[in-house]
Amino acid sequence: MTAEPYAAAAGLVERSAAAYAAAVPDHPRDDGFFGPASVTWRVASDLSAPVAGLRSLLMQALHPLAMAGVDQHSDWRRDPVGRLAATSAYEAIVTFGDRASATRVAERVRAIHIRVQGVDTVTGQPYAAGDPALLLWVHAALVDSGLAAGRLFGTPLADADADAYVREMTIAAELLGVPHEIIPASVAELERYFADVRPELRCTPAAAESMSYLLDPPGLDSDIAELWQDIRDASIATLPDWAIQEYGYPAPAPVTAERRNEIRQALGVLDAVFLGEPGVLEARQRIALRARSAGKA
Amino acid sequence: MAALSAASIAGLVVARRRVGSLRMERGMTALRLAARGGARYASNAPRLFATAGEHRQQLRNDLALQTAEDVATTLGTMKGVLMKMGQMASYVDDGLTPAARRTLSRLQDSVPPMSPELAAQVVTEELGLPPEQAFATWDLVPIAAASIGQVHRAITLDGRAVAVKVQYPGIAETIEADLGNVALLRRMLKITAPSQDVDALLAELRERITEELDYRAEARNQQLFARYYEGHPTIHVPGIVEELSTRRLVTSDLADGARFAELASWSQAERDLAGETIYRFVFRSLYEMHAFNGDPHPGNYLFHGGGRVTFLDFGLVKHFTDDELRPLVEMVRHLCVENDPSAFRAAMVEAGFLRPDTPLPTDMIIEHMALFYDTVRERGPRTMTGEYASAVSRRFFDFRSPLAAYAAIPRSYVILQRINLGLFALLGELSATADWRCIAEEIWPFVHGPACTPMGAAEATWRAARRDAGHAGRAVR
């Protein structure tokens, strides 16, 4: 395992914003795999999205083989900000891009996955990034995080919409090569999946190191660092108890109405900063216009 | 009244902080944050009562807000508050990074306008009648964005062409809710100010922003200025239609004219005249009305040639009491007319600018303060420059000088920084030349000098007519 130290997180907002602005298409050929009327678009545009994103990473890292793949193969340590920006750009293209664009970026990721193989030094198990079981874990953690973050800090979904979100998102896993029949397609199935996979999950040293970096990234602008504390606390507060115990984090204080508002305000400020970056407002407007024309149709 | 609070924040910081430039620098991150985030939100220059079609801002009507819920989504969770703080931060010269300044300077109206239906709904709620009944003509499409509203052209039932500023529905409640939940704001401000000041800052912030949410204060102030300057040869303030102005509506006479940016192509003689009018407006208002319009934003003027200027936006007006104004007048008098340094120093102490026990020689104090009076200490034509404006602005908040340990800017005077940031910067941009001292002597209540320009003569005629008509301008004793 490499012991290379992590690079500073300077430019996190700027680079994420640039990636996002470039990922939201100008003239999509079709509505993509979700479309303006989808629950997925709502979840992706929710104020709680940054919390969902950080929680996803916290969850995903708890699978030792998924974590080993990231730790041993990606340029995660050398350029963590670039990696995060690329990940959010990928999500934005799959969500808002047309079908051809989404398929193209997914194929590119699948091609990279072919090369990502190895042996996890903690469990001694071999892994392959293209393994549907690992891809399914990463997918389930993402979907579950969208629901959890929205429930606590965003606009909570009605039960039927939550089911619709899980169902809609199955295509995202399929694009990466997960067989349709093993992908949870409802909240109940998602919960069953988590119960089944739980024995495989644990916090490895690589996960602990990665996440302690993410929870307090060095090199952030001081103002962003201040807001990041709220995002971090919010993300931990949305984790299941067992995940908090795996990491050994102190049990988070219950989220009072005041604290929830404070975190939402911090999310609002962060969003405003994000919107201030070049191209982000225009990207948001492109999404809003498509959503609006879909509403009229 | 937004700008006052930011200036007040900065002022309080300076007032309470004796040393510690490091903390001051860090402290600006909160404002920088607000500026960065708020910039895209903050309204643009032609934010008020812009008029003719050619000035029409590009409003994203295709993204129009359709419900009060849309307003809450767009401007809630601090965005409305940030927008206001961004405006304030834009008035605090120091501490903003060039990047923040750039962002602020290309402010875009990223908040979509209201749909015609939503704007009509506000008018109906405010006036009890839909706009097509409350007005003879109502333009469905807004002509300009305001920070928390938009401006529609209309013609009243009795035929007045007016500009109607309509506030976003629910924006007041949304902003008040965010201001009521102070945990995050407290943390943002804690970086700026010592902990004992945070609650005072919060109170100030809430008070100022809340004031701005009620358009009635703005309408009252504008009407006050409109009445005072009625018939003035070069100063024009659009009158308010009181019966069509409410908490969320301001209806004023429609005005048209050239924008500040267009002045660049005008002759220097025209620019000098415009500068003279703005200068007269600021100091006549201060000395005679005891009022200061603290929003000397370039977007708040319309120019008509021959020095005639229309003044817009009275959302930030500070009214001085006699007690507040007297020491300021004394300071000018002792420094510029009587040339009495120790009396000047005593007036500074009386105003609260200087601690009584300050162990510094009067010479040093004079040397520090003289810069503020530089344009009026001597007779003769003088050209305003951007460098002078910057120097004055820097010195106002200069806490590194030896004087800083003993100096303070009392809250009621913080707004005067707007003279530095607004008036002098504006005149500097115009490269306006005039005998400012001579004009000041016309206006100073302790001199009442004779007219020294043709505009001064015209103004004297107006003042005489005004007196005959029984208007009593408030005079400073």
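Our subject is the structure listed above.
Keep in mind that what you see is a predicted model, and the values were worked out from it rather than measured.

A. Geometry of the environment of Ala 162 of chain A. All names here are of chain A. Relative to the helices and strands, Ala 162 is located in helix H8 (residues 159–175). By relative accessible area, which is 10% here, Ala 162 ends up buried. Taking the C-alpha atoms as reference points, Ala 162 and Val 187, separated by 25 residues in sequence, lie 6.7 Å from one another. For Ala 162, the residues in contact, after removing those within four places along its chain, are Leu 147, Leu 157 and Val 187.

B. Region of the structure containing helix H19 (residues 454–468) of chain B. Residues and elements named next belong to chain B. Here H19 spans 21 Å end to end across 15 residues, near enough to the 21 Å set by a 1.5 Å rise per residue. Of all the positions in H19, only Met 455, Gly 456, Glu 459, Trp 462, Arg 463 and Arg 466 are classed as buried. Viewed along the axis of H19, the buried residues span an arc of 120°, placing them on a single side of the element. In H19, the exposed positions that point more than 90 degrees away from the buried face belong to Pro 454, Thr 461 and Asp 468. Gly 470 occupies a position one or two residues after H19 and carries a positive phi of about 90°.

C. Broad picture of the environment of Ala 149 of chain A. Residue and element names in this part refer to chain A. The residue Ala 149 is located in helix H7 (residues 132–153) in this model. Judged by its relative accessible area of 0%, Ala 149 falls in the buried class. Sequence separation between Ala 149 and Gly 248 is 99 residues, and the spatial gap between their C-alpha atoms is 21 Å. Once residues within four sequence positions are removed from consideration, Ala 149 is found in contact with Ser 48, Val 51, Ala 52, Gly 154 and Thr 238.

D. Representation of unusual backbone geometry within the structure. All names here are of chain B. Positioned with a positive phi, Thr 77 is a non-glycine residue whose angle comes to about 40°. Along the chain, Thr 77 turns up in the loop between helix H3 (68–75) and helix H4 (79–91). Given a relative accessible area of 15%, Thr 77 falls into the buried group. Non-glycine residue Asn 339 carries a positive phi angle of around 55°. Mapped onto the elements of the fold, Asn 339 is located in the loop between helix H13 (322–337) and helix H14 (341–351). Given a relative accessible area of 55%, Asn 339 falls into the exposed group.

E. Examining the pattern of salt bridges more closely. Residues and elements named next belong to chain A. Evaluation of the coordinates by the stated rule reveals 35 salt bridges over all chains. We note a salt bridge from Arg 259 to Asp 233, for which the minimum N-O separation is 3.2 Å. Of this pair, Arg 259 sits in helix H13 (residues 257–275) while Asp 233 is found in helix H11 (residues 222–238), placing the two residues 26 residues apart along the sequence. Residue classification places Arg 259 among the partly exposed positions, given a relative accessible area of 22%. Residue classification places Asp 233 among the partly exposed residues on the basis of a relative accessible area of 31%.

F. View of the interface of chain B and chain A. Across the contact, 25 residues belong to chain B and 30 residues belong to chain A. The contact between chain B and chain A buries some 2,500 Å² in all, and 52% of this surface belongs to carbon and sulfur atoms. Viewed at the interface, chain A and chain B are joined by 0 salt bridges. Applying the counting rule to chain B against chain A returns 4 residue pairs in polar contact (both at pLDDT 80 or more). Of all the secondary structure elements, the ones that give two or more residues to the side of chain B that touches chain A are helix H2 (21–41), H4 and helix H9 (183–192) of chain B.

Quick notes on the rules
Residues numbered from 1 in each chain as written. Chains lettered and ligands numbered in written order. Predicted model: local features only at pLDDT ≥ 70, side-chain atom pairs only at ≥ 80, totals over all residues. Heavy atoms only, no water. Helix = DSSP H or I, 4+ residues; strand = E, 2+ residues; numbered from the N terminus. Buried < 20%, exposed > 50% of the residue type's maximum accessible area, 1.4 Å probe, protein only. Contact = heavy atoms within 4.5 Å. Expected span 1.5 Å × (residues − 1). Arc of directions from axis to C-beta. Salt bridge = Lys/Arg side-chain N within 4 Å of Asp/Glu carboxyl O. Buried area = accessible area lost by both parts, 1.4 Å probe. Polar contact = N/O pair within 3.5 Å; in protein donor to acceptor, adjacent residues only side chain to side chain.

Just geometry here; none of it tells us what the structure is for.
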